[in-house]
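Take a look at the letters that make up each chain.
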Amino acid sequence: MSRAVILPAPGGHADIEEDRTVVDRLIAQIREAGCDDVTVLTRPGTDRPVKAAQIESIDANSDLQHLGELAFAGEGALYVACADLVASQTTVAAVLSDSSRRSGVLVGSYDPAAAPVQVERGLITGPGPGPVRLGGLAKVSAAHLARLKRHWPRRADGDAFESLLAALHARAIPVNAYKTGGLEHRQVATGDEAREVIDAFEAVDMDAWRLANAIKHDDDFFATYAVSTWTPKLVKLSARLGWTPTPITWVSIAFAIGAAAIFATGWSWWYLAAAALMYFSFVFDCVDGQLARYTQNFSSFGGWLDMMADRSKEFLIYAGLAAGAVAGGASAPAAWGLAIAAMATQTIRHTADTWYAVLLDTAVVRQARERESAPPVGRAAHLGQRLGSASEQVMGAHRTPLYWIKRTIVAPVGERWLLLAVAAVAFGPQTAITALLVWQLLALGYTTAGRTLRSLAARTAALRRPDRSAHRDDGPLGKLVPRSPVGGDMTPFAATAAAVLSAGAAVLAAALDTPPWVPFGLAVLALVLAASVARTDHEGLLDWFIPAGLRAVELGAICAAGIAAGVSWPVLYVLLTVIALYFYDLAAGLDKAASPVARRDLGLGWPARSLIAIIAGAIAVATVPVVATVVYGLLAVYVATVFVGAVVSGTIRASRAAAA
């Protein structure tokens with residue numbers, strides 16, 4: 001259960017109105033935001049009672065000690081507020097409604113007396129010249145509290161609030177910057193100052209403010225001009241009807257299922273209806289997030305479901321187009337092969353996107369902690385730094401032609417759906433998938449080239465972490481692999497790159513109908529190469545590629561064995577999709593900082609899944625092809641069952657913890 005601690009501040013006992021102080025108001029706001037366990041630290045001699053538990057604390061060191069005792073006395077997140085904070089309910093809820101595993105601090109530019117901080121990529125990196133300043137309200141997630149337990153500061157450096165922030169930075173924990181631009185908040189000294197701040201944010205049309213901030217201002221071209229121009233009306237209607245974001249997500253899924261079903265029939269005269277369903281599926285996919293921001297109704301499950309639904313719907317559309325192409329006379333290997341290639345490319349691309357973001361966040365936190373100021377070394381690193389500066393300049397020129405070109409060239413989801421819908425109606429499903437695959441490959445090449453150079457300038461390793469095996473998804477077999485005798489920072493990356501090439505060659509060999517031992521041998525080689533460095537330190541600057549490379553190895557090995565063994569194409573596609581979605585959950589844990597899955601060992605890990613598929617394929621080649629189809633189907637059912645079971649149990653566990 002989450003708990004809140006309010007730290008002493010002289011302005012906290014300033015009267016706002018009769019029998020109501022600043023801290024009384026703050027306590028009520030915290031409870032309204034959903035946190036009932038509130039404790040107020042007070043200085044000796046304070047004779048103003050408050051409607052919350054009180055602990056007498058003599059100084060900042062005592063504040064820090066009491067804060068630590070309360071932080072580890074229960075489960076859930078810890079919220080820390082300064083007693084003199086005056087803010088709107090929307091501002092307070094912006095911090096307390098974040099149900100993810102992120103930690104963060106409220107910031108703004110309204111309080112010239114507050115400590116200035118630097119913000120980069122939405123993260124607070126340490127003290128700074130301003131204009132961004134601390135806002136007196138922080139959240140420390142349960143996951144990050146666990147990392148602080150053995151390293152809780154013994155003495156306060158300044159006040160307890162800033163000491164807590166320094167402790168997070170010392171442990172290289174990313175600290176999110178919560179902002180509510182346009183809503184003034186301030187730590188006050190007098191009642192007059194408090195009433196002045198209240199008057200300032202009460203003068204704002206809060207409904208209009210929330211609606212304006214519910215719409216992403218940095219969205220992609222199609223979403224900006226074809227969706228967000230009218231969805232605010234739908235958001236307000238949904239809120240008026242009492243709808244919540246999660247049912248909206250399910251509506252989006254239902255539309256996508258309908259579109260995929262129409263495409264699968266091969267009835268081209270109905271494809272315009274399928275395209276319309278795709279459009280409304282995308283609309284509702286945007287609305288669920290907009291509604292969550294408008295109503296401040298966030299949940300970990302909702303954020304996770306939104307990300308998983310995006311990929312599930314897209315892969316379902318690919319399958320519908322492939323089935324429709326076959327129904328229209330195309331060969332199954334060509335149609336389903338294109339769908340598998342598109343699905344695998346998108347999975348690899350999104351995995352690389354996720355880990356590149358981890359690289360950038362790691363670089364921000366690490367460089368802030370170590371105060372690195374050395375220039376990048378080497379021509380490639382200098383070029384990477386210049387590319388980074390150029391990219392930031394282009395993205396800073398909001399909604400200019402170059403801005404839209406840069407956002408569109410990477411094949412964002414709205415544009416991908418637009419291409420599929422228009423191409424399917426105009427030219428047929430097989431052409432639609434082919435066009436998408438070409439764009440995906442171009443986008444993958446573009447982003448990979450630029451990010452490789454920029455990662456050299458970042459000078460940090462994204463996969464240097466204690467839970468590396470989970471992010472590699474090695475499973476039980478990964479623990480049996482001996483530590484590689486080959487050293488060097490580039491070893492894991494080089495081994496994974498060689499494995500990717502081997503897996504790609506295996507797929508090509510199977511597609512060209514070479515003798516079965518060729519694709520099977522290449523697939524086994526890919527597994528050995530990729531798994532050989534599982535227990536080797538991942539210290540290289542390019543190791544952020546490894547999770548994406550392992551996805552390519554697993555999908556490639558299973559695909560090669562399936563093609564060589566004559567596995568039914570729909571069954572092969574289903575297995576690969578289930579595995580891709582199973583790994584997407586891990587990406588959701590990084591991207592959305594939310595996942596209900598607590599254990600992944602029952603998923604077997606990529607080496608075991610790949611080995612099972614290869615063995616089944618080899619047996620099928622030696623006996624009857626149906627053996628591999630059956631095993632592939634059973635493996636898909638097993639992984640899906642484990643995944644769904646972990647999601648259900650994790651959701652129930654989280655609900656019980658929240659209710660406790």
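Right, let's walk through the structure included here.

Rules used throughout
- Residues numbered from 1 in each chain as written.
- Predicted model: local features only at pLDDT ≥ 70, side-chain atom pairs only at ≥ 80, totals over all residues.
- Heavy atoms only, no water.
- Helix = DSSP H or I, 4+ residues; strand = E, 2+ residues; numbered from the N terminus.
- Buried < 20%, exposed > 50% of the residue type's maximum accessible area, 1.4 Å probe, protein only.
- Core = buried A, V, L, I, M, F, W, Y, C linked by side-chain atoms within 4.5 Å.
- Contact = heavy atoms within 4.5 Å.
- Phe/Tyr/Trp six-rings, centres within 6.5 Å; stacked < 30°, edge-to-face > 60°.
- Lys NZ or Arg CZ within 6 Å of the ring centre and 35° of its normal.

### What to know about unusual backbone geometry
So, step 1. Unlike most non-glycine residues, Ala411 shows phi in positive territory, near 60 degrees.
So, step 2. Its place among the elements puts Ala411 in the loop between α15 (401–409) and α16 (413–427).
So, step 3. The phi angle at Leu604 is positive, at roughly 80 degrees, despite the residue not being glycine.
So, step 4. Residue placement: Leu604 occurs in the loop between α23 (569–591) and α24 (606–622).
So, step 5. Given a relative accessible area of 22%, Leu604 falls into the partly exposed group.

### Considering the nonpolar core
So, step 1. Tyr318, Trp544, Leu572 and Tyr573 are the most contacted members of the largest nonpolar core, which has 94 residues in total.
So, step 2. Top element by residues in this core is helix α13 (residues 332–370). It accounts for 13 residues.
So, step 3. Discounting residues that sit within four places of it in the chain, Tyr318 has contacts with Ala339, Ala342, Met343, Gln346, Leu420, Ile433, Leu436, Gln440 and Tyr573.
So, step 4. Counting residues in hydrophobic clusters, the runner-up holds 29 residues, among them Leu41, Leu164, Leu168 and Val175.

### Concerning the side chain of Thr42
So, step 1. Looking at where Thr42 falls in the secondary structure, it is placed in strand β4 (residues 38–42).
So, step 2. Judged by relative accessible area, Thr42 falls into the buried class, the value being 7%.
So, step 3. The residues touching Thr42, leaving out its near neighbours within four places in the chain, are Pro8, Gln54, Ile55, Glu56 and Ser57.

### Examining the packing of aromatic side chains
So, step 1. Following the criterion strictly, the structure yields 18 aromatic pairs and no others.
So, step 2. Taking the centre distance of 5.6 Å and the plane angle of 65 degrees together, the rings of Tyr225 and Trp404 count as edge-to-face. With Tyr225 in helix α8 (residues 221–226) and Trp404 in helix α15, this residue pair connects regions lying 179 residues apart in the sequence.
So, step 3. Using a relative accessible area of 42% as the deciding quantity, one classes Tyr225 as partly exposed.
So, step 4. Taken together, a centroid distance of 6.2 Å and an interplanar angle of 50 degrees make the contact between Phe315 and Tyr584 tilted. Of this pair, Phe315 sits in helix α12 (residues 300–327) while Tyr584 sits in helix α23, placing them 269 residues apart in sequence. For the pair Phe315 and Tyr584, one class covers both residues: buried.
So, step 5. Grouping aromatic residues by their ring pairs yields a cluster made of Phe222, Phe255, Tyr279, Phe280, Phe282 and Phe284.
So, step 6. For the cation-ring pair, Arg210 lies above Tyr294, with the distance from its terminal atom to the ring centre recorded as 4.6 Å.

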